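Chain residues, written in single-letter form:
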Amino acid sequence: LATALVLGGSRVGVGLRVKASPSLRLRLRLSSTAADGEFPFGPDARPPTEDDRRSLEERQLRHPGNIAAVPCTSCKHGFPQAFFSDPREGRRLHSATLRLTCPWLVKAIDEYEAEDGVRKFNADLTGENETAEAMRASLEDANTFHRNLRQRLFATPGGAARLEEYRAAAHEKDPENSEKFVAAVMGSGFIGVSKRNNLDVKCLHAHAADHLLRGGANAVGAEVLRRLPVDPTGGERCYEQCDPKLAEVEGETWSYRSVKNKQKLQQRHSKRKDARAMIRQKAKRMKKAAAQDAADAVNREEVEERQP
């Protein structure tokens, strides 16, 4: 099974792809982990059902997702609000291990973050009160949990092979810094937080997701949900987006797509466009330099021929 799992993935840097859906590969790999009698994502999460997957992929994400586990508790309409992802999946090595998907909560937190919510929480972390102390301890606990989860998943036979693929891809891209990059990702904690940067909440969506997935263990996430001006278990009509059995009608049914995610996509597109432009410019400069070198060589030969 371990061999099938390695071949089932995309071999980064080699270009090998086998016709197997990401969700099938992930289910096979997780079943291998669970075969030892241990579910790696904790007692407050469970494997997703097909209905969970449909709601998450068709209506919340609106694209296929790396869905490894969902919270044992759902929103008041019965839909998952977040999920754990498997870091062994994906085209590159990354530190993400979870995501908040509930559009009702995503919308509320988008609006809170737009009002300088992250800065407010970072300021609160430095306070001298019980809430601040609980949040600092919780942030350290979250970093430890997600660091251990990542390392535990990559310690499986299929995970170790996958990590070597990522390592080779990183080396091919940047030989000088690849080992530092791999070490940084593997040693990072919650949402890529380093051990030295433990007073930055970074993303309130992620803390809310961690709170839901780990049975309330994240005090920052609990405080985020407490401060929101909405019911964190759902609104009256938000199910209209999450239920794949209901037809969506633009302008009539409730729906929300994160502005934050739109901005990320736009920034990513812009960066890729700039990168392609830089590559084209570099190619032109190299071509021009090569042509100049050739012309200089011809001139030198002509000068040498005219010399007695």
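Presented here is a report on the structure given in the accompanying data block. Computed from a predicted model, the values in this text were never measured in an experiment.

### Section: the overall build of the chain
In step 1: Secondary structure assignment for the chain yields 12 helices and 4 strands.
In step 2: The 308 residues of the chain split such that 40% are buried.
In step 3: Considering only contacts within the chain whose residues lie at least 6 apart along the sequence, 65% involve residues at least 24 apart.
In step 4: Accessible surface for the chain amounts to roughly 17700 Å². Of this, 53% is attributable to carbon and sulfur atoms.

### Observations concerning the environment of alanine 168
In step 1: Tracing the backbone through its elements, the reader meets alanine 168 in helix H7 (residues 157-173).
In step 2: Look at alanine 168 and you get partly exposed, because its relative accessible area is 44%.
In step 3: Spatially, the C-alpha atoms of alanine 168 and glutamate 179 are 9.8 Å apart, while their sequence positions differ by 11 residues.

### Details of the nonpolar core
In step 1: One finds Phe41, Phe84, Leu100, Leu105 and Phe121 to be the most contacted residues of the largest nonpolar core, which totals 38 residues.
In step 2: Where this core is concerned, the elements lending two or more residues are strand S3 (82-84), strand S4 (98-100), helix H4 (103-114), helix H5 (117-125), helix H6 (130-154), helix H9 (204-213) and helix H10 (219-227).
In step 3: Excluding anything up to four places from it in sequence, leucine 100 contacts Gln81, Ala82, Leu105, Val106, Ile109, His205, Ala208, Ala209 and Leu212.
In step 4: One finds Leu93, Phe154, Ala170 and Val182 within the second-largest nonpolar core, a separate group that totals 8 residues.

### Describing the pattern of salt bridges
Where side chains of opposite charge bring their charged atoms close, a pairing between them can arise.
In step 1: Following the criterion strictly, the structure yields 17 salt bridges and no others.
In step 2: A salt bridge links glutamate 58 to arginine 54, with the nearest nitrogen and oxygen atoms 3.0 Å apart. Highlighted residues: glutamate 58 and arginine 54, both in helix H3 (residues 50-60), separated by 4 residues, approximately one helical turn.
In step 3: Given a relative accessible area of 35%, arginine 54 falls into the partly exposed group.
In step 4: When the shortest N-O distance is used, the salt bridge between arginine 167 and glutamate 179 registers 3.1 Å.

### Focus: the side chain of histidine 207
In step 1: With respect to the helices, strands and loops of the structure, histidine 207 is situated in helix H9.
In step 2: At 3.0 Å, the side chain of histidine 207 forms a polar contact with the backbone oxygen of valine 201.
In step 3: Not counting chain neighbours up to four residues away, the residues in contact with histidine 207 comprise Leu139, Phe190, Ile191, Val201, Asn218, Val220 and Gly221.

### A look at the packing of aromatic side chains
In step 1: Taken as a whole and assessed by the stated rule, the structure comprises 6 aromatic pairs.
In step 2: On the basis of an interplanar angle of 75° and a centroid distance of 6.3 Å, the ring pair of phenylalanine 154 and tyrosine 166 is categorised as edge-to-face. Here phenylalanine 154 is found in helix H6, whereas its partner tyrosine 166 is found in helix H7, with 12 residues between them in sequence.
In step 3: Phenylalanine 154 gets classed as buried once you look at its relative accessible area, which sits at 3%.
In step 4: Members of the aromatic cluster, each reached through a chain of ring pairs, are Phe39, Phe41, Phe84 and Phe145.
In step 5: The ring of phenylalanine 145 carries the charged tip of arginine 214 above its face, separated from the ring centre by 4.7 Å.
In step 6: Across from the ring centre of phenylalanine 121, 4.2 Å away, lies the NZ or CZ of arginine 227, which sits over that ring.

### Observations regarding the side chain of arginine 59
In step 1: Relative to the helices and strands, arginine 59 resides in helix H3.
In step 2: Residue class for arginine 59 comes out buried when judged on its relative accessible area of 8%.
In step 3: Setting aside residues no more than four positions away along its own chain, arginine 59 makes contact with Arg54, Glu240, Gln241, Cys242, Asp243, Pro244, Leu246, Ala247 and Glu248.

### Structural notes on the environment of leucine 212
In step 1: Among the structural elements, leucine 212 can be located in helix H9.
In step 2: Since its relative accessible area comes to 14%, leucine 212 is described here as buried.

### Things to note about the packing of H6 against helix H8 (residues 178-187)
In step 1: One can describe the packing of H6 onto H8 by two numbers: an axis separation of 8 Å at closest approach and a directional angle of 120°. Residue-level inspection shows Arg147, Arg150, Gln151 and Phe154 of H6 in contact with H8, the latter providing Val185, Met186 and Gly187.
In step 2: Here the residues of the contact of H6 with H8 are counted per class, giving 3 nonpolar, 2 polar and 2 charged.

### Observations concerning unusual backbone geometry
In step 1: Its identity as a non-glycine residue notwithstanding, aspartate 116 has a phi of 70°, on the positive side.
In step 2: Assignment of secondary structure puts aspartate 116 in the loop between H4 and H5.
In step 3: Classification of aspartate 116 as partly exposed rests on a relative accessible area of 38%.
In step 4: A positive phi is found at lysine 202, a non-glycine position, where the angle reads about 65°.

### Considering H9
In step 1: Burial of H9 is extensive: 10 of the 10 residues sit out of reach of the surface.
In step 2: Residues of H9 that are buried: Leu204, His205, Ala206, His207, Ala208, Ala209, Asp210, His211, Leu212 and Leu213.
In step 3: Backbone geometry just after H9 places glycine 215 at a positive phi near 60°.

### Quick look at the environment of aspartate 44
In step 1: Relative to the helices and strands, aspartate 44 is located in the loop between helix H2 (22-34) and strand S1 (45-46).
In step 2: Excluding residues within four positions of it along the chain, aspartate 44 makes contact with Val70, Pro71, Cys72, Leu213, Arg214 and Gly215.

Thresholds, definitions, all that
- Residues numbered from 1 in each chain as written.
- Predicted model: local features only at pLDDT ≥ 70, side-chain atom pairs only at ≥ 80, totals over all residues.
- Heavy atoms only, no water.
- Helix = DSSP H or I, 4+ residues; strand = E, 2+ residues; numbered from the N terminus.
- Buried < 20%, exposed > 50% of the residue type's maximum accessible area, 1.4 Å probe, protein only.
- Contact = heavy atoms within 4.5 Å.
- Areas by Shrake-Rupley, 256 points an atom, 1.4 Å probe, with all protein chains shown as cover.
- Core = buried A, V, L, I, M, F, W, Y, C linked by side-chain atoms within 4.5 Å.
- Salt bridge = Lys/Arg side-chain N within 4 Å of Asp/Glu carboxyl O.
- Polar contact = N/O pair within 3.5 Å; in protein donor to acceptor, adjacent residues only side chain to side chain.
- Phe/Tyr/Trp six-rings, centres within 6.5 Å; stacked < 30°, edge-to-face > 60°.
- Lys NZ or Arg CZ within 6 Å of the ring centre and 35° of its normal.
- Axes fitted to C-alpha atoms, helices over the stretch in contact; angles between N-to-C directions.
- Nonpolar A, V, L, I, M, F, W, Y, C, P; charged D, E, K, R; others polar.

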